[in-house]
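# Commentary on secondary and tertiary structure
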Amino acid sequence: MYAAPASIPPEELDELKEAFSKIDVDNNGFISKDELTELLRAANLALPGFRVREIVQDLTKTSEQLTFQQFTQIVHGLKSTEVGKTFRKAINKKEGICSVAGTSEQADTQHSYSEEEKVAFVNWINKALEKDVDCKHVLPADPYSDDLFKVVGDGIVLCKMINLSVEDTIDERTINKKKLTPFTIQENLNLALNSASAIGCHVVNIGAEDLREGRQHLVLGLLWQIIKIGLFADIELGRNEALMALLRDGESLEGLMKLSPEELLLRWANYHLEDSGAPKINNFSSDIKDSKAYYNLLSQVAPKGDEEGIPPISIDVSGIREKDELKRAECMLEQADKLGCRQFVMPTDVVQGNPKLNLAFVANLFNKYPALKKPENQDIDWSAIEGETREERTFRNWMNSLGVNPQVNHLYTDIDDALVIFQLYEKIKVPVDWDRVNKPPYPKLGSNMKKLENCNYAVELGKKEAKFSLVGIAGQDLHGGNRTLTLALLWQLMRRYTLNILEDLGDGQKVTDDTIVTWVNDTLTQHGKPSISSFKDGSISTSMPVLDLIDAIHPGSIRYDLLKIEDLAEEEKLNNAKYAISMARKIGARVYALPEDLVEVKPKMVMTVFACLMARGMKRE
């Protein structure tokens, strides 16, 4: 009855027999395929849940039962495959966590990555780019192998994913797609990293070489940031007024606007759970492990057919009575699949409460089926809901790309205690006396006073240490979210950060706007290109001075045949500007400005573009 592959050592075979006997309680030589997970646990074999599901699917094709011989063949097969390496490493470790060669610079510890997250991201990318002809050479990727870490190596998939998260971030004309060489791959990776930074990803410790070599923890970390930005894009009151339905009785509009995307998603889930009469949840980890909240949520948001042109989708909630948690999760995900929202989680991710993947699962569900309606006939000041301006988005993305903590979701409310401002001061080499800073958690009574004290100190540092021009700016303006005055401080911080980079390259030599203009014109003149008078020069609206400077720094890099050079309409100017910003990033300049800043000749942002290009040019000299 217990025949097995000869390659399994006798002592291990005895352990497998003992485990099988524990599950085969009637001693008939068979177990149900649904008992495989339990069998693996009895054998102390921590195989990730997504692989169990795959094996069960294969078994179902031949039989509903599993013999001991089949079980040992499964074990033997796993140990002889690439997945088996993960399988063996997981035996005495946390399920689904894989170690990676190399250690952290901060601590003598091995880097690790989550096998489940890798599978989820691969499946998401495969689906998102399945019709993109430029990715056919690497997609679809196998989620159960190390394909992902090779897929990102030429930069094309990363560039495409960035554009899916924030539309038009990268001009497609600037992506090298054919006859790739080490040089053109390097350009693609530069473009991807600098563009990721521009949309708010923290990429300070990630280089092109890390992506080219497929360093697992860095690749997964960057991908998660890119995917998360896309998932959260519309979970914001300024972009989605239907979220106003989540306003609670007695709650101020300002209070709702302060919520992070994660908090809004939790509020949204509980809004629907309350409607269904189900208990509320406090998180997307331990509180969703039994799948019951998900069953109720899916049932609430599924189309009922009451909107014209949208057919109803029936959600079967009978699986909620299933006693086995894994089976219950699988049945729930089958219902999510009816809505096209099964992405990101496997049954084990639900049962184990993986917070990252469950957050992504819920965000995707919200984006497809919010099931919210903008309130009508309520006394709400809609004019108070202002969308984020380009300038505000640029500052927010710049701060987040530097890795400030907490991350900034809403520019004014998230910096009202000045903690982020203090971190920015340190980035520009202004020392902060952290003993003077009040840190969270703040007391319930007097929290505003503690935050105001921080803001007063932030203004003091700006005036005395940074020598900023802060006339008429007080701590109350930062704490209260005065847009004009807060932006004035943020601009000076961003400007100093940019100039510091140039001063570091120039051995500490003082850099001013005139210094940058002079360098730009000298470089342009040396290459027979027209010069500019200032950062307000009208010719900048065509983007030609920027494009000419890029071509001077990297001769032959600009495809002038793709551009309209004279008598430009507004759309043609924007077309040139998109190309110019992407090309600047492609040659290695970390530009945060947007194409519209060039078209409208916004002097502040124009300065940062030329300063970043100057820094790139000085590195080549």
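The structure we're discussing is the one just above.
For the structure given in this document, a descriptive report is provided here. For clarity, every value in this text was computed on a predicted model and none was experimentally measured. (Residues numbered from 1 in each chain as written. Predicted model: local features only at pLDDT ≥ 70, side-chain atom pairs only at ≥ 80, totals over all residues. Heavy atoms only, no water.)

Moving on, we come to the overall build of the protein. The helix and strand inventory of the protein stands at 27 helices and four strands. Taken over 621 residues, the protein has a buried fraction of 53%. Entry remark: accessible area of the protein is about 29100 Å², with carbon and sulfur atoms responsible for 48%. (Helix = DSSP H or I, 4+ residues; strand = E, 2+ residues; numbered from the N terminus. Buried < 20%, exposed > 50% of the residue type's maximum accessible area, 1.4 Å probe, protein only. Areas by Shrake-Rupley, 256 points an atom, 1.4 Å probe, with all protein chains shown as cover.)

Attention now goes to the packing of helix H6 (residues 115-128) against helix H8 (residues 156-165). It is at 11 Å that the axes of H6 and H8 come closest, and there the two elements cross at 80°. Considering the angle they form, H6 stands roughly perpendicular to H8. Along its contact with H6, which presents Trp 124, Ile 125 and Ala 128, the element H8 presents Val 157, Met 161 and Leu 164. Split by residue class, the contact of H6 with H8 holds six nonpolar, no polar and no charged. (Axes fitted to C-alpha atoms, helices over the stretch in contact; angles between N-to-C directions. Parallel < 35°, antiparallel > 145°, perpendicular 65-115°, else oblique. Contact = heavy atoms within 4.5 Å. Nonpolar A, V, L, I, M, F, W, Y, C, P; charged D, E, K, R; others polar.)

For the rest of this paragraph, the subject is H6. Look at H6: 20 Å from first C-alpha to last across 14 residues, which is about the 20 Å you get at 1.5 Å a residue. Three or more residues of H6 are buried, namely Glu 115, Glu 116, Glu 117, Lys 118, Val 119, Ala 120, Phe 121, Val 122, Trp 124, Ile 125 and Asn 126. The distance from a side-chain oxygen at the start of H6 to the backbone nitrogen of Glu 116 is 3.3 Å, and the residue carrying that oxygen is Ser 114. (Expected span 1.5 Å × (residues − 1). Polar contact = N/O pair within 3.5 Å; in protein donor to acceptor, adjacent residues only side chain to side chain.)

Our next topic: the packing of aromatic side chains. Scanning the model with the defined rule gives nine aromatic pairs in all. A ring pair is formed by Tyr 425 and Phe 468, whose centres lie 6.4 Å apart and whose planes are at 25°; its orientation type is stacked. Separated by 43 residues along the polypeptide, Tyr 425 in helix H19 (residues 419-427) and Phe 468 in the loop between helix H20 (447-464) and helix H21 (475-479) bring together distant segments of the chain. Considered together, Tyr 425 and Phe 468 belong to a single accessibility category, that of buried residues. Here the aromatic cluster, defined as three or more aromatic residues joined through ring pairs, consists of Phe 422, Trp 434 and Tyr 457. (Phe/Tyr/Trp six-rings, centres within 6.5 Å; stacked < 30°, edge-to-face > 60°.)

Our focus in this paragraph is the environment of Val 351. Mapped onto the elements of the fold, Val 351 is located in helix H16 (residues 347-351). Val 351 gets classed as buried once you look at its relative accessible area, which sits at 14%. Put simply, Val 351 and Lys 289 are 62 residues apart on the chain and 4.4 Å apart in space, counted from C-alpha to C-alpha. Ignoring any residue separated from it by four or fewer positions in sequence, one finds Val 351 in contact with Lys 289, Glu 325, Leu 326 and Ala 329.

For the structure shown, the criterion picks out 33 salt bridges. The shortest N-O distance in the salt bridge between Asp 132 and Lys 160 comes to 3.2 Å. On the criterion of sequence distance, the pair formed by Asp 132 in the loop between H6 and helix H7 (147-151) and Lys 160 in helix H8 is long-range, its members being 28 residues apart. Lys 160 carries the same exposure label as Asp 132, and that label is buried. Across the pair Lys 177 and Asp 134 runs a salt bridge, and its minimum N-O distance is 3.0 Å. One end of the pair, Lys 177, is in the loop between H8 and helix H9 (182-198); the other, Asp 134, is in the loop between H6 and H7, and 43 residues separate them in sequence. Sharing partners across several salt bridges, the network here consists of Asp 132, Asp 134, Lys 160, Glu 172 and Lys 177. (Salt bridge = Lys/Arg side-chain N within 4 Å of Asp/Glu carboxyl O.)

Another point: the nonpolar core. In summary, soluble globular proteins display a tendency toward joint burial of nonpolar side chains. Among the nonpolar cores identified, the biggest contains 93 residues, and Leu 158, Leu 222, Leu 265, Trp 268, Leu 339, Phe 361 and Leu 365 are the most heavily contacted of them. Take this core: its biggest share by element is ten residues, from helix H11 (residues 216-232). In contact with Leu 222, not counting residues within four places along its chain, are Leu 158, Leu 193, Ala 196, Cys 201, Val 203, Ile 206 and Leu 211. Core analysis: the next-biggest nonpolar cluster, separate from the first, contains 81 residues, Met 399, Ile 421, Leu 461 and Val 520 among them. (Core = buried A, V, L, I, M, F, W, Y, C linked by side-chain atoms within 4.5 Å.)

Here we take up the environment of Phe 121. Tracing the sequence through the fold places Phe 121 in helix H6. On the accessibility criterion, Phe 121 (0% relative accessible area) is buried. Taking the C-alpha atoms as reference points, Phe 121 and Leu 223, separated by 102 residues in sequence, lie 7.6 Å from one another. Apart from residues no more than four positions distant in its own chain, Phe 121 is found in contact with Leu 220, Leu 223, Trp 224, Ile 227, Lys 356 and Leu 357.

Another point: unusual backbone geometry. Following Leu 139, the chain continues to Pro 140 via a peptide bond in cis, the omega torsion being 0°. Mapped onto the secondary structure, Pro 140 falls in the loop between H6 and H7. Cis geometry is found at the peptide bond from Pro 440 to Pro 441, where omega equals 0°. Counting through the fold element by element, Pro 441 comes out in the loop between H19 and H20. For Asp 168, which is not a glycine, the phi torsion comes out positive at approximately 65°. Within the element layout of this structure, Asp 168 appears in the loop between H8 and H9. What makes Asp 168 partly exposed here is its relative accessible area of 47%. Phi at Lys 429 is positive, roughly 70°, even though this residue is not glycine. If you trace the backbone, Lys 429 turns up in the loop between H19 and H20. Note on Lys 429: relative accessible area 54%, which makes it exposed.

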